[in-house]
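Structure assessment
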Amino acid sequence: MLTAAGALLGSTTVLTGLLFYFGRMHITGFFRYLRVNHTALDLTLYDHLVRSADGLFVPLTLVAVVGVLAVGGHRVLGRLTPGARDRALHTLAPAATSLGVVLVGLALLDLLGGGPGTTGRPWVGGLALSAGVVLVVYGIHLGRPGPAADGPSGRWTVDLAALAHGAFAFVLVSVGLFWAAGNYAVEVGTGRAQQLVAELPAVADAVLYSQQSLRLAVVGVTEVPCQDPNAAYRYRYDGFKLVLQSGDQYLLLPAGWNRQTGTAVLVPRSDAVRLEFAPPGQQRQPVC
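An account of the accompanying structure is given in this report. Note that the structure is predicted; figures quoted are calculated from it, not measured. (Residues numbered from 1 in each chain as written. Predicted model: local features only at pLDDT ≥ 70, side-chain atom pairs only at ≥ 80, totals over all residues. Heavy atoms only, no water.)

1. Re the overall build of the protein
Check the secondary structure of the protein and you find six helices and six strands. The secondary structure elements of the protein, listed N-terminal to C-terminal, are α-α-α-α-α-α-β-β-β-β-β-β. When the 288 residues of the protein are sorted by exposure, 33% land in the buried category. When contacts within the protein are restricted to residue pairs at least 6 apart in sequence, long-range pairs at least 24 apart make up 68% of them. (Helix = DSSP H or I, 4+ residues; strand = E, 2+ residues; numbered from the N terminus. Buried < 20%, exposed > 50% of the residue type's maximum accessible area, 1.4 Å probe, protein only. Contact = heavy atoms within 4.5 Å.)

The structure is reproduced here in structure tokens:
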């Protein structure tokens, strides 16, 4: 099982696919909060990979810390005297198995719509599934008698049932981690969008110039016609904040955007428009 996991994680293609998935979930949460269809932005692979780090930092840290502590505890258990180890296993094996069964049960309840995910933390069910399966497998391992050689030759036989057990456990743990990390990435993306909206007043103003009138009817955005007949850009739009530039498009929000009534604007990046950036709230001339 561990060899298969190492081979899987050692594949650059698989790792890139995992990072892309987590980045996609982060992007889904971020733009869903802004009420923007992110498929219109044509986000690049780089955009997905960068955002995946934000969604995976905490889960990977927690998994690594718990893993280090669990391995350390197992090593301490192996160094006990035979009598003390037997007494510890007599308590630890059924406790780990029972706790694992409870966690798996909570995950199944979540799948049926009545579990921990209904509390507003949809990643809890996936975490419960992964942790529960690991605990059940570990509890069974602790309660199993030591290995024995097969027959007089002393050769080890291949236990197909054990291999199948390990394979199914690996699949369940992987599903739980995807479930937990994917939902957590959506939650982090939503939180980043909320943070962005809260900080909009302090973000630099994005002054949009256009060769032609864009006919924008956006609350908080003002169209200012330019009086100079020789001006390359005849219209100026005040009140925007730049959120993202990707796929040759600008995503702009008005400075006073709110989720209930706010409008997001996508402007194609071309020679027909120009962006200027200024300190937030700077007063501009009523004409240009």
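Moving on from the coordinates now.
2. A closer look at helix α4 (residues 82–111)
Here α4 spans 42 Å end to end across 30 residues, near enough to the 44 Å set by a 1.5 Å rise per residue. The principal kink in α4, of about 30 degrees, is found at Leu-89. Positive backbone phi, approximately 95 degrees, marks Gly-113, located one or two places after α4. (Expected span 1.5 Å × (residues − 1). Bend = angle between axes of the 7 residues up to and from the residue.)

3. As for the pattern of salt bridges
Counted according to the given criterion, the structure contains six salt bridges. Between Arg-192 and Asp-54 there is a salt bridge, and its shortest N-O distance comes to 2.9 Å. With Arg-192 in helix α6 (residues 160–199) and Asp-54 in helix α3 (residues 45–78), this pair connects stretches of sequence that are 138 residues apart. Look at Asp-54 and you get partly exposed, because its relative accessible area is 25%. Where Arg-274 meets Glu-276, a salt bridge forms, and the shortest distance between an N and an O atom there is 2.7 Å. Looking at Glu-276, the relative accessible area reads 33%, which means it is partly exposed. Among the ionic contacts, a cluster of salt bridges with common partners joins Asp-205, Arg-236, Asp-238, Lys-241 and Arg-284. (Salt bridge = Lys/Arg side-chain N within 4 Å of Asp/Glu carboxyl O.)

4. Considerations on the pairing of strand β5 (residues 265–268)
Side chains Val-265 and Val-267 project from β5 onto a buried face, and the interleaved Leu-266 and Pro-268 project onto a face without burial. Pairing analysis gives four bridges linking strand β4 (residues 249–254) to β5, with the strands arranged antiparallel. Of the residues in β5, the one forming a bridge with Leu-252 is Val-265. (Pairing = 2+ DSSP bridges.)

5. Quick word on the packing of α4 against helix α5 (residues 123–143)
The contact between α4 and α5 brings their axes to 7 Å, and the two run at 155 degrees. Classified by the interaxial angle, the pair formed by α4 and α5 is roughly antiparallel. Here α4 runs over α5; the crossing is left-handed. Residues Leu-89, Leu-92, Ala-93, Ala-96, Thr-97, Leu-99, Gly-100, Val-101, Leu-103, Val-104, Ala-107 and Asp-110 of α4 pack against Gly-125, Ala-128, Leu-129, Ala-131, Gly-132, Val-133, Leu-135, Val-136, Gly-139, Ile-140, Leu-142 and Gly-143 of α5. (Axes fitted to C-alpha atoms, helices over the stretch in contact; angles between N-to-C directions. Parallel < 35°, antiparallel > 145°, perpendicular 65-115°, else oblique. Left-handed = near helix turned anticlockwise from the far one by under 90°.)

6. A look at the nonpolar core
Phe-30, Phe-31, Leu-34, Val-243, Leu-244, Leu-251 and Trp-257 are the most contacted members of the largest nonpolar core, which has 17 residues in total. Residue assignment for this core shows that the elements contributing at least two residues are α2 (12–33), α6, β3 (235–246) and β4. By residue number, the principal contributor to this core is α2, which donates four residues. Those residues in contact with Val-243, other than ones at most four positions away along the chain, are Phe-30, Leu-34, Leu-196, Leu-251 and Leu-253. Counting residues in each nonpolar core, the second largest holds 12 residues, with Ala-206, Leu-208, Val-221 and Tyr-250 among its members. (Core = buried A, V, L, I, M, F, W, Y, C linked by side-chain atoms within 4.5 Å.)

7. Looking at the environment of Val-218
Topologically, Val-218 is positioned in the loop between β1 (205–210) and β2 (222–225). Under the relative-accessibility criterion, Val-218 is labelled buried at 9%. Spatially, the C-alpha atom of Val-218 lies 7.6 Å from that of Pro-254, the residues being 36 residues apart in sequence. Not counting chain neighbours up to four residues away, the residues in contact with Val-218 comprise Pro-254, Thr-263 and Val-265.

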